[in-house]
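Take a look at the letters that make up each chain.
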Amino acid sequence: MTETPVRDRPARERTGRSVGRPIDRVDGPAKTTGTARFSAEYPYPDIAYAALVHATITRGRITGIGAEEALAVPGVLAVITHTNAPPMKPPPPVSVLNLSSLASGSKVNYLNTDEVHWSGQPVAVVVAETQEAAAQAAGLVRVTYQESPATVDFAGEQGNATPQKSNPLQQGEGHKGDAEAALAAAPVSVDLRYTTPPHHHNAMEPHATTAAWDGDRLTVHDGTQNIGWLRTALAQRFGVPAEGVRVIAPFVGGAFGGKTMVWAGTVLTVLAARVTGRAVRMTLTREGVYRTVGGRTPSAQRVALGAGADGRLTALIHTSVTQVGRVGGSPEQVTSQSRHLYDAAAILVQQRIVELDMLSNTVMRAPGESIGTFALEAAVDELACELGMDPIELRMRNEPERNPIDGKRFSHRMLREAYALGAERFGWADRTAPPGSMRDGRWLVGMGVASAYHPSWEMAANVTVRMSADGTVLVRCGFHEMGMGGATAQGQIAADALGVPFEAVRVEYGDSDLPTGPGAGGSAQTASVAASLTKACEKLRRSLLALARRSAGSPLRGARPGEVEARDGGLHRAGHPGSGESYAAILTRAGRPFAEAAVGSDTRAGTVAGQVRFMSKFLMDRRRWMKAACGAQFCEVRVDQDTGEVRVSRWVGAFDVGRVINAKTAASQLRGGIVMGIGMALSEETLVDPRNGRIMNPSLAEYHVPVHADIPPIDVCYLDEPDPTMPLGLVGIGEVGITGAAAAVANAVHHATGRRVRDLPITLDKLL
Amino acid sequence: MRPFAYVSATDVAGAVRAISAEPGARFLGGGTNLVDLMREDIERPGTVIDITRLPLDGVEELPGGGVRIGALVRNSHLAAHPLIRARYPVLSQAILTGASAQLRNMATVGGNLMQRTRCVYFYDGAADCGRREPGAGCDAIGGFTRNHAILGASDRCIATHPSDMCVALAALDAEIEIESVRGTRRVPLTAFHRLPGDTPHLETVLAADELITAVELPASALAATSRYRKVRDRASYAFALVSVAAALETGEGVVTGVRLALGGVAARPWRAHEAERALLGAPATEESFLRAAEAELAPAVARSQNGFKIELARRTIVATLRQVLTEGGAA
Ligand SMILES: Cc1cc2nc3c(=O)[nH]c(=O)nc-3n(C[C@H](O)[C@H](O)[C@H](O)COP(=O)(O)OP(=O)(O)OC[C@H]3O[C@@H](n4cnc5c(N)ncnc54)[C@H](O)[C@@H]3O)c2cc1C
Ligand code: SF4
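None of the values given here were measured: they were computed from a predicted structure.

1. With respect to the overall build of chain A
Here's step 1: Looking only at helices and strands, chain A has 16 helices and 32 strands in total.
Here's step 2: In terms of C-alpha radius of gyration, chain A reaches 27 Å, essentially the compact-globule figure of 27 Å for 768 residues.
Here's step 3: Here the C-alpha coordinates of chain A stretch approximately 80 × 70 × 50 Å along the principal axes.
Here's step 4: The proportion of buried residues among the 768 residues of chain A is 63%.

Written out as structure tokens, the structure reads:
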């Protein structure tokens, strides 16, 4: 993979010096030199190690556990099972009024029950003096079961799918007009079925937890994407005050959604520490991650489109069936983008779910839209072929002015511009339309295009900013760094908001002792923190000005906030060079070591107020605007005529993601999303045996994520136009990159070969 | 992983003595397969005999033009060796399509020959597998069979042998030299791996107390014009769905010499004798290649998900022979 220029448009006029620049990530040196500490790397004197024993049946009850052999392994401290584990409180019922109730990965109260709900559920934990002894003893725990019938075959259960209920966060159904009738009447139409398999996140760092109790106080190092949820959940499960639970997670080695919920490994490490009175560490094996952490649901989708001969859509129908576990998981918004992308006269979207005796599904990069855009955007390509129309032209003819399904305004939408930019960089004009018409020796060459779309979210974030008398700035917020570059971006934002050099700002994150940050999800973290951070900086400027204007010696004496701007490390009268002073001077004269401003509060009342504020803003925003990131994905493939092997040879992604805070880390996020989209298109599939629901390829050797050789140079570019309704004009970029990517590949494969593969992944056997 | 004793052998006699004293022991080459399988609790040796210090790491030219390869030669070393690249390019190419650079740096020739199947049910202790546990059934049948065998399988086991290197060796008429306290013996590579029959757990003809000491390649003019083609699910770092090792010699438009072997299709690297017979003396054309492929694949049996391999093998045989014909051997 090679670096490509990220933008060729002239840099927009910027108010500040840091925002937008491709600044190297601040955590880079720590990671490349190995000094960054991950959850399994915190030293504790006298630490013990834990390993899981997984159920080998799909559903039933444990009838006996033989721990003698395991206990006989030298160094084994305990074999904890449902027969001897102390009681824990079960996870609380899920309620949208208390978002942290969503935290538990499953409803199962591990080791407090003899019931087995899926193949791989933890049924015992072994704790030992060494990791090796724990792992060996775990293999020696003998469990007997009484099996009960189980339902595990997703494909076979389609007929039993039930409609998904809507809630304030997610709608299961929506329509405008009578789409079925419009479809039946349409002069040109397609009515197609698509399937996508289960996927797993495969973050580089397997889930790991280090836990230590001190009385009722608990310290946990856990690679989590949601420190707040984890803290609340552990306090609830173990019946201790949340204030006494400290979660430390400054570095998370990738997550992609897999570390959003609280899964068995974390809970059971804390339990093992409780039982043994030792600090305990558990690093899941890769197989352990597959067996105890949910993945992306499989899907079966129908997309039907009707159009006039002019290509104007008269009907758009998108329905989906996805899976949840009987013990948890939530439906995915597979049809979400289909409410927003095309100005169809009649629309029907509907999501159905089947409940299976398997581990809960969970969020994975762009849950819903990643697989939903595959079906929708592949179907649009098929319709373009039916119409004999260029697929970009078809999209442009149906580009809506307002949100198609309900007429809401778009806060901002520049999909046309993204297509124009992408088409030019890609050289779309050189494409000859007939499938199979482009060749390079024995390679069949194909070019495909698809829209990317991902709604933007904003969540509550508590932040403090401190200006010290030496002119340095400290930003504190318990947000998460899974590799996206969050600390760097927030440092850039604070630097510009306060008019200080980037190097003067330090950002603390990843610790529950800090003001509570947003969860890292929904591509919302940067925007959510930015909103509070800019407010906090504004407050801080005002209080620093208040100090200065009261002071006889200050050039800012009597200045009003409106007359003052932050630059050159201090406050200055706007338009009057030399008529201000540095923050250091203000604080020194005032005899203060620092000044600090906070947004949001972590008191109990503050937390409730924050949630209420979030929900009301969220609901009001939802009523007024449709906000999203979007883009155009351009893909060129080469298909081997003999073997059907598909190689992606070129990629251009042109995005409308609002304002970009850091050109380098933003491009990495978009590019990483595309890489994951290529994996989804061509090779990724979790093999679930339909006979028992057991995952059969829980390893990086057999679950095929793309390797370097699968990835061509990826040219990522973006429009960099701020969204007027979002903090600093930024919309999230973490997920939009994966959306549309699989469809672009599928469409390119069709262009190369004339073959439509509607069941992912597009492995070569489907092209022979 | 279970605890085990570790001993290190410094000469061949010591290594075979050590294993004859404890037939449940295992030799340790690069460890890239053995250690994985020990972690998975599939291999449970009480003793591991490290053989990496044995003086078996040379590649030597034999009188008459053949080559002798020590059993401890690392895969990457072998692939890069000038003699191999010049005289047996198919072998060099096959090795380089396997695993990753890091694994090839560790993996030895002996270990590569002995590596075990990648059947996902073989790897899952919760599944029934007669290759792993003598007498057990086979959960692959009726399950995920996409990677499984189309030739030489039985109703007891449909696993494939995963090696790329061995496919090239099969085409090159390699012989394996084996040492034990009883003496030295030689086995043709094509007779080394067993088809499953009723005893899938018996994977090779190597006895529990035998050590592989070398692989010998006979001199072959034909081998210089040879290629390896591996078809897989991603561009690198995946096992073969189907692979083809081919060497071809033509005169006046007619096939005068040919060696052909297939990977990913059977529990052994599959020497394509039927195809070779069909090709020898036939015109060197696409039609002959296709007919030969069909002759070889006539007995192929498809399972629930691997029927595509029959078509893929046919096409890959034709494509590889075509490429050798038009472009010559691998450089
Ligand atoms: C992720 C992954 C991907 C891979 N991909 C590929 C691939 O694409 N293609 C491919 O061909 N291979 C692939 N491999 C397999 C790799 O080639 C083998 O693991 C390797 O060749 C084994 O060699 P070793 O020296 O490490 O063997 P070891 O692990 O040391 O030994 C393997 C077995 O051989 C026995 N043994 C070793 N030496 C001798 C000897 N001299 N005499 C008798 N018995 C002996 C050992 O006792 C053991 O039972 C892959 C492996 C991994 C882990
Ligand atoms: S195919 Fe062979 S290796 Fe796989 S499960 Fe069956 S017996 Fe075991």
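2. Examining the pattern of salt bridges
All names here are of chain A.
Here's step 1: Enumeration over the complete set of coordinates arrives at 78 salt bridges over all chains.
Here's step 2: Between Arg 466 and Glu 596 there is a salt bridge whose closest N-O contact spans 2.9 Å. On the criterion of sequence distance, the pair formed by Arg 466 in strand E20 (residues 463–468) and Glu 596 in strand E26 (residues 594–599) is long-range, its members being 130 residues apart.
Here's step 3: Relative accessible area serves as the criterion here: at 26%, Arg 466 is assigned to the partly exposed category.
Here's step 4: What makes Glu 596 partly exposed here is its relative accessible area of 37%.

3. Considering the domain arrangement of chain A
All names here are of chain A.
Here's step 1: Structurally, chain A comprises domain 1 (1–36 + 411–456 + 627–768) and domain 2 (459–621).
Here's step 2: The C-alpha centroid of domain 2 is placed 35 Å from the C-alpha centroid of domain 1.
Here's step 3: Across the boundary between the two partners, domain 1 contributes 26 residues, which contact 22 residues of domain 2.
Here's step 4: Interface area for domain 1 against domain 2, summed over the two sides, is near 1800 Å², with a carbon-plus-sulfur share of 57%.
Here's step 5: Broken down residue by residue, the surface that domain 1 buries against domain 2 is led by Ser 18, Val 26 and Pro 727, which jointly contribute 20%.

4. Details of the side chain of Asp 27 of chain A
All names here are of chain A.
Here's step 1: Position of Asp 27 among the secondary structure elements: in the segment before helix H1 (28–32).
Here's step 2: A polar side-chain atom of Asp 27 sits 2.9 Å from a polar atom in the side chain of Lys 31.
Here's step 3: Residue contacts for Asp 27: discarding those within four places in its chain leaves Phe 251, Glu 481, Thr 488 and Tyr 509.

5. A word on the confidence of the model for chain B
Here's step 1: On average, residues of chain B score 97 in pLDDT, and 100% of them reach the 70 mark or higher.
Here's step 2: Two numbers describe this predicted complex: its pTM, 0.97, and its ipTM, 0.97.

6. Thoughts on the UniProt feature "domain: FAD-binding PCMH-type" (unreviewed entry) in chain B
Here's step 1: Residues annotated by UniProt as "domain: FAD-binding PCMH-type" (unreviewed entry) correspond here to residues 1–222 of chain B.
Here's step 2: Its end C-alpha atoms 46 Å apart, residues 1–222 of chain B is made of 27% helix and 17% strand.

7. Looking at the interface of chain B and chain A
Here's step 1: On the chain A side, the residues contacting the 35 residues of chain B number 33 residues.
Here's step 2: With both sides pooled, the region where chain B packs onto chain A buries about 2700 Å², and carbon together with sulfur makes up 55% of that total.
Here's step 3: Of all residues in chain B, Phe 144, Arg 234 and Arg 315 of chain B bury the most surface against chain A, accounting for 23% of the area lost on that side.
Here's step 4: Viewed at the interface, chain A and chain B are joined by five salt bridges.
Here's step 5: Two residues, Asp 642 of chain A and Arg 322 of chain B, come together in a salt bridge whose shortest N-O distance is 3.1 Å.
Here's step 6: Between the two partners, chain B and chain A, sit 12 residue pairs in polar contact (both at pLDDT 80 or more).
Here's step 7: If you list the elements that add at least two residues to the side of chain B that touches chain A, you get helix H8 (120–123), strand E9 (226–231) and helix H12 (308–327) of chain B.
Here's step 8: In terms of residue count, the dominant contributor to the side of chain B that touches chain A is H12 of chain B (seven residues).

8. A short note on the site of ligand 2
Here's step 1: Taken together, 14 residues sit near ligand 2, with Cys 119, Cys 129, Cys 138, Cys 157 and Ile 158 of chain B positioned nearest.
Here's step 2: Of the residues in the shell around ligand 2, the class split is nine nonpolar, two polar and three charged.

9. Some thoughts on the sheet that holds E26 of chain A
Residues and elements named next belong to chain A.
Here's step 1: Taken together, four strands build an open sheet; the order of strands is E22-E21-E20-E26 and the sheet is mixed. If you trace the sheet from one side to the other, it starts and ends with strand E22 (505–508) and E26, each paired once. Neighbour-to-neighbour, the strand axes of the sheet open up by a mean angle of 15 degrees, direction not taken into account.
Here's step 2: Sheet topology places E20 next to E26; six bridges connect them, and they run antiparallel. Considered in E26, the bridge of Val 465 is made with Ala 597.
Here's step 3: Where helix H11 (residues 486–498) meets the sheet, its contacts fall on E20, strand E21 (473–476) and E22, and the angle it forms with E22 comes to roughly 135 degrees.

10. Let's talk about the sheet that holds strand E4 (residues 115–116) of chain A
Residue and element names in this part refer to chain A.
Here's step 1: The strand order E4-E2-E6 describes an open sheet built from three strands, whose pairing is antiparallel. Strand pairing shows two members of the sheet lacking a second neighbour, E4 and strand E6 (142–147), which therefore form its edges.
Here's step 2: Relative to E6, strand E2 (residues 60–66) runs antiparallel, the two being bridged by six bridges. When the bridges of E6 are listed, Gly 66 appears paired with Arg 142.

11. Topic: the packing of aromatic side chains
All names here are of chain A.
Here's step 1: Across all of its chains, the model carries 10 aromatic pairs over all chains by this definition.
Here's step 2: Judged by centre distance (6.4 Å) and plane angle (40 degrees), the rings of Phe 426 and Trp 428 are tilted.
Here's step 3: Overall, Phe 426 belongs to the buried group, its relative accessible area being 3%.
Here's step 4: For Trp 428, a relative accessible area of 8% gives the class buried.

12. Brief notes about the domain arrangement of chain B
Here's step 1: Under the domain assignment used here, chain B contains domain 1 (5–53) and domain 2 (223–327).
Here's step 2: Placing the centre of domain 1 of chain B and that of domain 2 of chain B at their C-alpha centroids yields a distance of 36 Å.

13. So, the environment of Gly 427 of chain A
Here's step 1: Tracing the chain through its elements places Gly 427 of chain A in the loop between helix H10 (415–426) and strand E18 (438–440).
Here's step 2: When the C-alpha atoms of Gly 427 of chain A and Val 652 of chain A are compared, they prove to be 9.7 Å apart, with 225 residues separating the residues in sequence.

Reading the values: the criteria
- Residues numbered from 1 in each chain as written.
- Chains lettered and ligands numbered in written order.
- Predicted model: local features only at pLDDT ≥ 70, side-chain atom pairs only at ≥ 80, totals over all residues.
- Heavy atoms only, no water.
- Helix = DSSP H or I, 4+ residues; strand = E, 2+ residues; numbered from the N terminus.
- Rg over C-alpha atoms; globule rule 2.2 N^0.38 Å.
- Buried < 20%, exposed > 50% of the residue type's maximum accessible area, 1.4 Å probe, protein only.
- Salt bridge = Lys/Arg side-chain N within 4 Å of Asp/Glu carboxyl O.
- Domains from an automatic or database assignment.
- Contact = heavy atoms within 4.5 Å.
- Buried area = accessible area lost by both parts, 1.4 Å probe.
- Polar contact = N/O pair within 3.5 Å; in protein donor to acceptor, adjacent residues only side chain to side chain.
- pLDDT = per-residue confidence, 0-100.
- UniProt positions renumbered as here; feature names shortened; annotations may be inferred.
- Near = heavy atom within 4 Å.
- Nonpolar A, V, L, I, M, F, W, Y, C, P; charged D, E, K, R; others polar.
- Pairing = 2+ DSSP bridges.
- Axes fitted to C-alpha atoms, helices over the stretch in contact; angles between N-to-C directions.
- Phe/Tyr/Trp six-rings, centres within 6.5 Å; stacked < 30°, edge-to-face > 60°.

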